[in-house]
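Descriptive structure summary
Residues per chain, in single letters:
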Amino acid sequence: MNSATNERNWLFDPSLLKLVHQCRRLIQSEFGVKLHLDEANLATSLATYAGKTRSKHLIQTWEVLKQRVPELGKSCRPQEDPAKAGGGKDAPRQRKIIYRGQVVG
């Protein structure tokens, strides 16, 4: 078996798969993005959207998933927004409002 398969064995556990499906549904309803189980960076994408969400249910579901699969917490860190990473106090802060995956303000 290759290392990618070994890293994704947790997806074969039905209780963990249920949590992943819940996260995927919540992400799709809030951001309009459909994540697929066969994506190479599925866990990273889940972490990224869990870091951006306003949904307490998504945050809680992601935290439960990370507790049940310890390697997710280590290897999957949400990606920083480039505007926040490069900008200090001098850079003006622009805020995007996203509703169901569309920028509205």
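Refer to the structure above for everything that follows.
This write-up is about the structure you can find in this document. The numbers attached to residues start from 1 for each chain and follow its sequence in the written order. Per-residue local features are limited, in this predicted model, to residues with pLDDT of at least 70; the limit for side-chain atom pairs, both in listing and counting, is 80 or more; totals at the level of whole chains, interfaces and linings are taken over all residues. Side-chain measures were taken over the full set of non-hydrogen atoms in the model, leaving aside hydrogen atoms and water.

Observations concerning the overall build of the protein chain
Spelled out, the test is: Numbered from the N terminus, helices here are DSSP runs of H or I no shorter than four residues, and strands are runs of E no shorter than two. We call a residue buried when its accessible area falls under 20% of the maximum for its residue type, exposed when it is over 50%, and partly exposed in between, using a 1.4 Å probe and counting protein chains only. Method for areas: the Shrake-Rupley scheme with a 1.4 Å probe, in which residue coverage is limited to the protein chains shown.
For the protein chain, the count of helices and strands is 6 helices and 2 strands. If you list the helices and strands of the protein chain from N to C, you get α-α-α-α-α-α-β-β. For the protein chain, the proportion of its 105 residues judged to be buried stands at 27%. With the model as given, the accessible surface of the protein chain reaches about 7800 Å², and the carbon-plus-sulfur share is 51%.

Let's talk about the packing of aromatic side chains
Note the threshold: Side-chain rings of Phe, Tyr and Trp, where Trp is taken by its six-membered ring, are said to pair if the distance between their centres is within 6.5 Å; with planes under 30 degrees apart they count as stacked, over 60 as edge-to-face, and otherwise as tilted. Whether a charge lies above a ring is judged from NZ of Lys or CZ of Arg, which has to be within 6 Å of the ring centre and within 35 degrees of the ring normal.
As enumerated under the stated definition, the model contains 1 aromatic pair in all. Its end group placed over the ring of Y49, K52 keeps NZ or CZ at 5.6 Å from the ring centre.

Regarding the packing of helix 2 (residues 14–31) against helix 3 (residues 42–52)
Here is the rule: In this analysis an axis means a line fitted to C-alpha atoms, helices contributing only their contacting stretch, and an angle means the value between N-to-C directions, from 0 to 180 degrees. Any angle between 65 and 115 degrees counts as roughly perpendicular, while under 35 counts as roughly parallel, over 145 as roughly antiparallel, and the rest as oblique. Note on convention: the crossing is left-handed when the near helix lies turned anticlockwise from the far helix by less than a right angle, right-handed when the turn is clockwise. Here, two residues are considered to be in contact whenever any of their heavy atoms come within 4.5 Å of each other.
Relative orientation of the contacting elements helix 2 and helix 3 amounts to 55°, with a least axis distance of 11 Å. As far as their axial angle goes, helix 3 and helix 2 are oblique. Remark: the crossing between helix 2 and helix 3 carries left-handed chirality. The segment helix 2 lies against helix 3, with V20, C23, R24, I27 and F31 engaging L42, L46, Y49 and K52.

Structural notes on the side chain of S45
Tracing the chain through its elements places S45 in helix 3. Accessibility expressed as a relative area gives 12% for S45, which makes it buried. Contacts of S45, omitting those with residues within four sequence positions, involve L35 and E39.

Digging into the nonpolar core
Let me state the cut-off plainly: What makes a nonpolar core is a set of buried Ala, Val, Leu, Ile, Met, Phe, Trp, Tyr and Cys residues whose side-chain atoms join them at distances within 4.5 Å.
Counting residues in each nonpolar core, the largest one holds 21 residues, and the members touching the most others are W10, V20, I27, L46, W62, L65 and L72. Listing elements by their share of this core, those giving two or more residues are helix 2, helix 3 and helix 4 (56–68). The leading source of residues in this core is helix 2, at 7 residues.

What about a nonpolar patch on the surface?
Formally: Patch rule: a residue counts if its relative accessible area is over 30% and it has no salt bridge; like charges are joined within 9 Å, and nonpolar side chains (Val, Leu, Ile, Met, Phe, Trp, Tyr) within 5 Å. In what follows, salt bridge is the name for a side-chain nitrogen of Lys or Arg lying within 4 Å of a carboxyl oxygen of Asp or Glu.
A surface patch of nonpolar side chains, about 310 Å² in accessible area, is lined by I97, Y99 and V104. Tracing the chain through its elements places V104 in the segment after strand 2 (102–103). By relative accessible area, V104 is classed as exposed at 55%.

Structural notes on the environment of L65
Tracing the chain through its elements places L65 in helix 4. The exposure class of L65 is buried, given its relative accessible area of 0%. Expressed as a C-alpha distance, the spacing of L65 and K18, which sit 47 residues apart in the sequence, is 9.7 Å. L65 has contacts with W10, L16, L19, V20 and L72, leaving out every residue within four places of it along the chain.

Keep in mind these values describe shape, not function.
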